[in-house]
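The chain contents come next:
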Amino acid sequence: MSAFRTIWTTEDKYVEVIDQRKLPHEWVVEKLVSYKDAERAIKDMVVRGAPLIGATAAYGIYLAAREGADMNQAFADLRASRPTAVNLFWALDRMKKALETTDNMVETAWKEAAQIVEDDVETCRMIGVHGLPLIEEISKKKNGEVVNILTHCNAGMLGCIEWGTITSPIYQALQKGIKVHVWVDETRPRLQGANLTCYELTRHGVPHTLIVDNQGGHLMQHGMVDMCIVGTDRTTRNGDVANKIGTYLKALAAHDNQIPFYVALPSTTLDMTIRDGLKEIPIEQRNQDEVRYVVGKSKVSGQLDEVLICPETTEASNYGFDVTPARLVSALITERGICAASEEGLTELFPEYK
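Here is a short report on the structure shown in this document.

## Concerning the overall build of the protein
Then comes step 1: Per the secondary structure count, the protein includes 12 helices and 16 strands.
Then comes step 2: The C-alpha radius of gyration of the protein comes to 20 Å, within 12% of the 20 Å expected for a compact globule of 354 residues.
Then comes step 3: Projected onto its principal axes, the C-alpha coordinates of the protein cover approximately 60 × 55 × 40 Å.
Then comes step 4: In the protein, buried positions account for 57% of the 354 residues.
Then comes step 5: Within the protein, contacts between residues at least 6 apart in sequence are counted, and of these 72% link residues at least 24 apart.
Then comes step 6: When the accessible area of the protein is evaluated, it comes to approximately 15,200 Å², of which 48% is carbon and sulfur surface.
Then comes step 7: A distance of 2 Å separates the average location of the 38 positive side-chain charges in the protein from that of its 49 negative side-chain charges.

Here is the structure:
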């Protein structure tokens, strides 16, 4: 489907990733040769997006085994690299289980990390299979006119491995000849919608329009949005959803305007150990300079630069995520099908969690 993946291995069995901080202006590849490289890539957001974070952590464990590092320390360091996305902990737990009974840690870790990557590709493809009918239904109701989809942040292939979560049904709709158009929130503070979602939609030929974060409600009020699809970094047992800061406000606007608000999620982002997202999901607070500065290409020099947008003495708050209550979510789109954002809905699709 796509011409590239977001993480891959080299002939000498190291790992390479795209430095997503440089997109859309520069294509920079980083080689990871130690687990500390993987840890830094996750912490500094060279890679981001829950599934890709999990895959990078898995390969980080492989690199730790290869270099003969203290494995307990490697697991601990990687677990501490980001607090909110549950895929990180899921992937590390899966790697630990795979290594418990092996005599060849390096080979086992290599194979298990590779399988985590392949599993995510198929999972995201199936999210698209199940999400596609939602777009088809709206297209039929509009007699083939353009389906306008609003999204927030980036939960496309750049946050995953290949298909992405929110983009998988969009790409599959485009392949079927359905007319789609995506309203892309710029998504402050790091502008991941503007930088990343617009980048990959451009590469895949998907019509889209960049909007400021606060424009979505206006578009919904004026009938210019048919559906919303967002991703998630952690979803609780009762269907509460943690996603990039600002998602909650879009859900409120969609609810007020009777517009369906869907969350596309691989089951690896489920945290069935907690029920109350507002109380139990840890919300990452990041460096205030991500708010105080913006990064872009200079009109004058053509070079990437950081620009201060406030007085030098102004302090900024930078919560990375917010929690959207299940009551505002129309449905969850998973690799096994669509369900209500509730314990009953989730356990019907995933009976192993009953």
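## Some points on the nonpolar core
Then comes step 1: Among the nonpolar cores identified, the biggest contains 69 residues, and Ile-7, Tyr-59, Ile-61, Met-95, Ile-135, Val-180 and Met-227 are the most heavily contacted of them.
Then comes step 2: The residues contacting Tyr-59, other than those within four sequence positions of it, are Ile-7, Thr-9, Val-15, Trp-110, Ala-113, Ala-114 and Val-117.
Then comes step 3: Core analysis: the next-biggest nonpolar cluster, separate from the first, contains 27 residues, Leu-219, Leu-332, Ala-341 and Leu-349 among them.

## As for the sheet that holds strand β16 (residues 337–339)
Then comes step 1: An order of β6-β5-β4-β7-β10-β15-β16 is seen for the 7 strands of this open sheet, with the pairing classed as mixed. Bordering the open sheet on either side are β6 (208–211) and β16, each of which pairs with just one other strand. Taken over all neighbouring pairs, the strand axes of this sheet differ in orientation by 25° on average, direction set aside.
Then comes step 2: Of the strand pairs in this sheet, strand β10 (residues 261–264) and strand β15 (residues 331–334) are connected by 3 bridges, and their pairing is parallel. Across the sheet, Ala-264 pairs through a bridge with Ile-333, a residue of β15.
Then comes step 3: Relative to the sheet, helix α5 (residues 105–141) contacts β4 (147–151), β5 (180–185), β7 (227–230), β10, β15 and β16, its axis offset from that of β15 by approximately 130°.
Then comes step 4: Strands in contact with helix α9 (residues 247–256) are β4, β5, β7 and β10; relative to β10, the strand with the most contacts, it is inclined by about 145°.

## Focus: the pairing of strand β14 (residues 321–324)
Then comes step 1: Of the two faces of β14, the one lined by Phe-321 and Val-323 and the one lined by Asp-322 and Thr-324 are each fully buried.
Then comes step 2: As judged from the 4 bridges shared by strand β9 (residues 241–244) and β14, these two strands associate in the antiparallel manner. By the bridge assignment for β14, Lys-244 is matched with Phe-321.

## Details of the packing of aromatic side chains
Each aromatic ring pair is specified by the distance between its two centres and by the angle formed by the two planes.
Then comes step 1: Within the structure shown, the criterion is met by 3 aromatic pairs.
Then comes step 2: Taking 6.4 Å as the distance between ring centres and 80° as the angle between the ring planes, the aromatic pair formed by Tyr-59 and Tyr-62 counts as edge-to-face. Taken together, the residues Tyr-59 and Tyr-62, both in helix α2 (residues 50–67) and 3 residues apart, mark about one turn of the helix. The exposure classification of Tyr-59 matches that of Tyr-62, with both residues buried.
Then comes step 3: Between Tyr-59 and Trp-110, the ring centres sit 6.2 Å apart and the planes meet at 65°, which makes this aromatic pair edge-to-face. On the criterion of sequence distance, the pair formed by Tyr-59 in helix α2 and Trp-110 in helix α5 is long-range, its members being 51 residues apart.

## Describing α9
Then comes step 1: Three or more residues of α9 are buried, namely Thr-247, Lys-250, Ala-251, Ala-253 and Ala-254. Looking straight down α9, one finds its buried side chains confined to an arc of 165°; they lie on one side. Opposite the packed face of α9, turned more than 90 degrees from it, sit the exposed residues Leu-249 and Asp-256.
Then comes step 2: Positive backbone phi, approximately 55°, marks Gln-258, located one or two places after α9.

## Focus: the environment of Ala-57
Then comes step 1: Along the chain, the position of Ala-57 falls in helix α2.
Then comes step 2: Residue class for Ala-57 comes out buried when judged on its relative accessible area of 0%.
Then comes step 3: Each C-alpha atom of the pair Ala-57 and Asp-93 lies 10 Å from the other, and the pair is 36 residues apart in sequence.
Then comes step 4: Once you skip the residues sitting within four places of it in the chain, Ala-57 turns out to touch Ile-42, Leu-78, Leu-88 and Leu-92.

## Quick look at empty space enclosed by the protein
Then comes step 1: By the definition in use, this model includes 2 cavities of 30 Å³ or more.
Then comes step 2: Considering the residues around the largest cavity, the lining is formed by 28 residues, among which Arg-48, Gly-49, Ala-50, Asn-154 and Asp-233 are closest to the centre.
Then comes step 3: Among the elements of the structure, α2 and β9 are those that each provide at least two residues to the lining of the largest cavity.
Then comes step 4: The dominant element in the lining of the largest cavity, judged by the number of residues it contributes, is α2, at 3 residues.

Calculation notes
Residues numbered from 1 in each chain as written. Predicted model: local features only at pLDDT ≥ 70, side-chain atom pairs only at ≥ 80, totals over all residues. Heavy atoms only, no water. Helix = DSSP H or I, 4+ residues; strand = E, 2+ residues; numbered from the N terminus. Rg over C-alpha atoms; globule rule 2.2 N^0.38 Å. Buried < 20%, exposed > 50% of the residue type's maximum accessible area, 1.4 Å probe, protein only. Contact = heavy atoms within 4.5 Å. Areas by Shrake-Rupley, 256 points an atom, 1.4 Å probe, with all protein chains shown as cover. Lys, Arg positive; Asp, Glu negative; His and termini not counted. Charge placed at Lys NZ, Arg CZ, Asp CG, Glu CD. Core = buried A, V, L, I, M, F, W, Y, C linked by side-chain atoms within 4.5 Å. Pairing = 2+ DSSP bridges. Axes fitted to C-alpha atoms, helices over the stretch in contact; angles between N-to-C directions. Phe/Tyr/Trp six-rings, centres within 6.5 Å; stacked < 30°, edge-to-face > 60°. Arc of directions from axis to C-beta. 1 Å grid on protein atoms, 1.4 Å probe; cavity = no way out; pocket = protein on both sides within 12 Å on 5 of 7 lines; lining within 4 Å. Points joined across faces, edges and corners; volume = space filled by probe spheres on them.

Interpretation in functional terms is not warranted from these geometric data alone.
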